[in-house]
Amino acid sequence: MKDYKDTLNLPKTSFPMRANLPKREPQRLKKWEDARLYERWLDKRKDSGKVFIVHDGPPYSNESIHLGHALNKIVKDFINKYKALKGYYTPFIPGWDNHGMPIENMVVRTDPEISKLLDDPRALKRPEVREKIRIKCRKYAEKWIKVQREEFMRLGVIADWDNYYYTMSSEYESKETELFADIVEKGFVYRGFMPIHWCPHCQTALAMAEIEYKEKISPSLWFILKVKEDKSGVFDGDIGYALVWTTTPWTIISNVALAFNPMFNYAVVEVDGVKYLLAEKLVERNAEELGWTDYKVVKIVKGSTLEGTVFQHPFFERDSVGILGDFVTLEEGTGIVHIAPGHGKEDYEAGKQYGLPIISPVDEMGVFTEEAGELFKGLTTEQASEKVVEVLKERNALLKIDKILHKYPHCWRCKNPLIFRATEQWFLSVDHNNLRQRALKEIEKVEWYPPDTKLRMLYSVAERPDWVLSRQRAWGVNIPALKCKNCGELILDPKVIRHVAKLFAKENSDAWHTHPVEDLVPEGFKCPKCGGNEFEKEMDILDVWFDSGVSSLIILDKPGLPWPSDVYLEGPDQFRGWYNSALMVAMALKGKSPYRVVVTHGWTLDEKGEPMHKSHGNVILPMDVIKHYGADTLRLWVAESNYMQDVRLGEEILKRATESYRKIRNTIRFMLGNLHDFDPTKDQVSLEEMLPVDRYMLHRLEELKAEVDKAYAAYEFYRGYHKIFDFMVVELSSFYLDLLKDRLYTWAKDSKGRRSAQTAIYHILRELLIVLSPLLSFTTDEAWEYLPGPKEEFVFLEDWPAEVPERRDEKLAEDFRRIIEVRDAVLLGIERARNEGILSDRLEARVEIFAADPELRDTLSRYLDQLYEVFIVSQQVELVDMRPQHKVVIDGEGFAVAIEHARGEKCARCWLWHEDIDQDGLCPKCRVALGKA
RNA sequence: AGGGUUAUAGCUCAAUUGGGAGAGCGCCAGACUUAUAAUCUGGAGGUUGUGGGUUCGAUUCCCACUAACGCCCCCA
């Protein structure tokens, strides 16, 4: 038989089947860069009158990016590219957060020069040492901005990579300082006490991350406080004592209260005629500890009734008031916690709530001051503890002293035990000017994705304490506070701050260190209290959350950019972080939320749903994925995942993503291959003239576009992706493109039928590429180059495909839904006929349909000429009047299909069977195609 | 201790107000060699985390538990 293969119109394209993304993507990036894609992308929508801003939350410029960074920037890129297609002007200015502890610690620990200087830990306080540290920190941060910038770019994220913002730039530091002045001016900032972990040896405050918990032997003592005003009559008019346990006797010096849990029952226990109060459930344990052999519980009271009961401080003329706190537990002690707001976090918070005085008579070296009184003045906390025990003994207030081995915080640097010490700090009052209430109202107006995150935000604002703005660190923007040399007054004056901000703009915040104080004070400035004109610099820096919190106010305060931004999109740790600080600052300064929409993504976990840890060996780095699979594979993973929950990544998931990618790529390739001789400006067939199945597919395309648009608009990219993917696999690859092969390959090149198919493919492919471009940016733009017809140079410069109402044809769609139902039965029948040995190839099948349902019969008869193509069988489908009696009959709802072997012979060219095959082995259709009829 | 989120097939995701558990991928089997390191067809695979409750009926509503995550705390 003659070989007619060369006469077929087989697909032809140089769009490679194998993606080779790791190699090809960098070339495309280069191309985008050379073409100044970002600028052109913006220019195109500059005058549209529609702006959409995703304001980038700055990642910390430390280390290479991890998977969470990649997820974050990729989703932002989805949004930006989608919104641009929808006609929005979408500038995206990436940012970095530079100041802060991790970098400072890294420098202090690893830089040989600095480490040497810090052999004496107190050197940290010396200005010239701080200055050195800051210079190294700047260098370090700079280096990582560069690295991360490259890595983010490699993800295919479109952004203003040349004009990024970073919080240590002089411009940023200066503007931030000005904004700080505004906040001070509006009265939000006050000076207050805050107990913090303090190392008496290094004479410095320590952050959580710098604390090591180690075993330590401490005293363990039980002491008593005599009741003074028994308001609720707990002791029935008798003398009674509250029994308290502690491991830090020196803090008793600052005791002002006793805390009870309102939910517990407390027992009054009588021992040798003396009444003691403690938690009911702990009576037995304490009796054992204290060696009470003969005791009885004489009364039980609710913890909640003990509020306001006044006790006598064990050795000072001071009251110790009963207060209530949930934090009191039954794990240890007596269920009564001694409260010294100057020496404990919970103590401090409880104290604040009850308006208790904060007594903190310990200086920087951990030595008691004048305030502690003659007895304790000049003693270290250790010495004071011994003295307290002595005093308690003298006063018969000590029931027992023992030793206990427990975990206690130690300084990571000098390894000495820490103390908790109240220090003076700058605070931002969350309730000044009704800030909290206004913020809560504003939260209601913001759109939260996923929706339940609104509640989370409401909680985190409703419950947040005042914001401690000051930090005792080196690497940050200094708070331009002055101390009057004459009267000691601490001055935070907007005039001074603004003066300093100007200096920062010229240099940077190092100026606070490098300039003498005279340069930092405006001309003629005098101490508001005493009129003095000699000052000292304070060295506290601003909390880094203030740095990033003001970012929108700095970055979006440029011509052409709107404020507030449209979207903030970050991980769930930002409810107490950036979402919160940004809202507070914006509410304080502008009375408005800095974001209209907040989208929160989940954490990235490993395949088993566990967090990635170096020690677990389950860390997957985005750059490794890119090196092996390419950025589009990583993007596909983001696209298919519901990122608003925690997302998982592992070997299998990557393998599936790769396979999905291949399927998409191949389907695109096949469509491109079949357009190789199609010029849409010349060869298009009008909608009316197109074949029904082609029109049906355009109808489906319209539905798909609308669904995807809706999903993207709700930031549910994974929904859109799955719709597109299913469409490509189910409707294109295995249905439509499969059935078109006969028409595309074997019909005459210029035949209406073939051009009709190409017209449909052209529109489907073109619009799919656009719709997919925010997700699979590299691949869609690569394929875009091969697409025939007029087009923008880059797919991202196109518009979102407009709705084409004429393509919508509900009647046609309904018809095809029925036809596809029949098709399913036909496929089943062919499979059975195969098993029966009746045929081996689909094309050997001949189909008869008995439609009992008259409506179906009508439908089928209207499309009778199309059916063999839709079913991919040979020969005209026949409608019969009775249920056929063939060997293979499949019954459907209201119909039955019969499969038998086709009649005649197989055409040598198109492989369809026909009863009229000529001597060359050709069927009539192929004779026409070859011009032989 | 506490308040929050999540839990559907090996993987990624669906299931309109409570009404017959689905898709794709993967796996197994087959077909084709005219998308060929491709394409097509069929099949297996789930007690919807566990246990209760409301209901004629629950993946869906309520309660408890378990697990994972993160928040808070790490204390006297």
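Reading the values: rules and limits
Residues numbered from 1 in each chain as written. Chains lettered and ligands numbered in written order. Predicted model: local features only at pLDDT ≥ 70, side-chain atom pairs only at ≥ 80, totals over all residues. Heavy atoms only, no water. Pairing = 2+ DSSP bridges. Helix = DSSP H or I, 4+ residues; strand = E, 2+ residues; numbered from the N terminus. Axes fitted to C-alpha atoms, helices over the stretch in contact; angles between N-to-C directions. Contact = heavy atoms within 4.5 Å. Buried < 20%, exposed > 50% of the residue type's maximum accessible area, 1.4 Å probe, protein only. Parallel < 35°, antiparallel > 145°, perpendicular 65-115°, else oblique. Left-handed = near helix turned anticlockwise from the far one by under 90°. Nonpolar A, V, L, I, M, F, W, Y, C, P; charged D, E, K, R; others polar. Near = heavy atom within 4 Å. Polar contact = N/O pair within 3.5 Å; in protein donor to acceptor, adjacent residues only side chain to side chain. Core = buried A, V, L, I, M, F, W, Y, C linked by side-chain atoms within 4.5 Å. Salt bridge = Lys/Arg side-chain N within 4 Å of Asp/Glu carboxyl O.

Asker: Run through the sheet that holds strand S23 (residues 565-570), naming residues and quoting values.
Answerer: Sheet strands pair by backbone hydrogen bonding; their relative direction is either parallel or antiparallel. Here we have 3 strands laid out as an open sheet, ordered S16-S24-S23, and parallel in their pairing. Each edge of the open sheet is held by one strand with a lone partner, namely strand S16 (447-449) and S23. Each strand of the sheet is rotated relative to its neighbour by a mean of 15°, with strand direction disregarded. Of the pairings in the sheet, the one linking S16 to strand S24 (residues 595-600) comprises 3 bridges and is parallel in character.

Asker: I'd like a description of the environment of Val-297, backed by residues and values.
Answerer: Among the secondary structure elements, Val-297 is positioned in strand S10 (residues 295-302). Residues Val-297 and Val-283 lie 14 residues apart in sequence; the distance between their C-alpha atoms is 8.6 Å. When near neighbours in sequence (up to four residues on either side) are disregarded, Val-297 contacts Ala-267, Val-268, Val-269 and Val-283.

Asker: An account of the side chain of Asn-580 is needed here, citing residue identities and associated values.
Answerer: Considering the arrangement of structural elements, one finds Asn-580 in helix H18 (residues 578-590). You can call Asn-580 buried: its relative accessible area is 2%. With residues near it in sequence (within four places) discarded, Asn-580 still touches Met-457, Ser-460, Val-461, Arg-464, Gln-574 and Phe-575.

Asker: Mind laying out the sheet that holds strand S15 (residues 419-428), listing which residues take part and the relevant values?
Answerer: If you trace the 4 strands from one edge of the open sheet to the other, you get S4-S3-S15-S17, paired in antiparallel fashion. One side of each edge strand has no neighbouring strand; the edge strands of this open sheet are strand S4 (204-205) and strand S17 (467-468). Here S15 pairs with S17 via 2 bridges, running antiparallel. Within S17, the residue paired with Phe-427 across the bridge is Val-468.

Asker: Give me the packing of helix H4 (residues 101-110) against helix H6 (residues 127-154): which residues, what numbers.
Answerer: Where H4 contacts H6, the axes come no closer than 9 Å and their chain directions differ by 115°. If you check the angle between H4 and H6, you find them roughly perpendicular. Pair H4 / H6 crosses with right-handed handedness. From H4, Ile-103, Glu-104, Met-106, Val-107 and Val-108 reach across to H6, where they touch Ile-133, Lys-136, Cys-137, Tyr-140 and Ala-141. Broken down by class, the residue content of the contact of H4 with H6 amounts to 8 nonpolar, no polar and 2 charged.

Asker: Lay out the protein's contact with RNA strand B with the relevant residues and their values.
Answerer: Near RNA strand B, the surroundings consist of 57 residues, among which Tyr-213, Thr-246, Thr-329, Asn-642 and Trp-911 are the closest. Among atoms of RNA strand B positioned within 4 Å of the protein, sugar and phosphate together represent 73%. Thr-247 is positioned such that a nitrogen or oxygen atom in its backbone is 2.8 Å from a sugar or linking oxygen of RNA strand B. Between Glu-652 and RNA strand B, the recorded distance is 3.1 Å, taken from a side-chain N or O atom to a sugar or linking oxygen. Elements supplying a minimum of two residues to the surface near RNA strand B: strand S6 (240-246), strand S13 (336-339), helix H9 (345-354), helix H21 (651-673), helix H24 (717-746) and helix H27 (810-835). Among the elements that take part in the surface near RNA strand B, H24 stands out by supplying 12 residues, more than any other. Broken down by class, the residue content of the surface near RNA strand B amounts to 18 nonpolar, 14 polar and 25 charged.

Asker: Report on the nonpolar core, specifying residues and quantitative values.
Answerer: Of all hydrophobic cores here, the largest spans 168 residues; its most connected members are Tyr-715, Leu-732, Tyr-736, Ile-764, Ile-849 and Phe-871. No other element matches the 14 residues that H24 contributes to this core. Once residues within four sequence positions are removed from consideration, Ile-849 is found in contact with Val-822, Leu-860, Leu-867, Phe-871, Val-877, Glu-878, Leu-879, Val-880, Ala-896 and Val-897.

Asker: Go over the pattern of salt bridges with me, naming the residues and quoting the values.
Answerer: What the rule picks out here adds up to 87 salt bridges. The residue Lys-400 makes a salt bridge to Asp-402 at a minimum N-O spacing of 3.8 Å. Accessibility expressed as a relative area gives 21% for Lys-400, which makes it partly exposed. Given a relative accessible area of 36%, Asp-402 falls into the partly exposed group. Two residues, Asp-742 and Lys-925, come together in a salt bridge whose shortest N-O distance is 2.9 Å. You can see Asp-742 sitting in helix H24 and its partner Lys-925 sitting in helix H30 (residues 924-929), a full 183 residues away along the chain. Taking the relative accessible area as the measure of exposure, Asp-742 reaches 14% and is therefore buried. Look at the salt bridges and you will find they share partners, linking Asp-677, Asp-683, Lys-749, Asp-750, Arg-754 and Arg-755 into a network.

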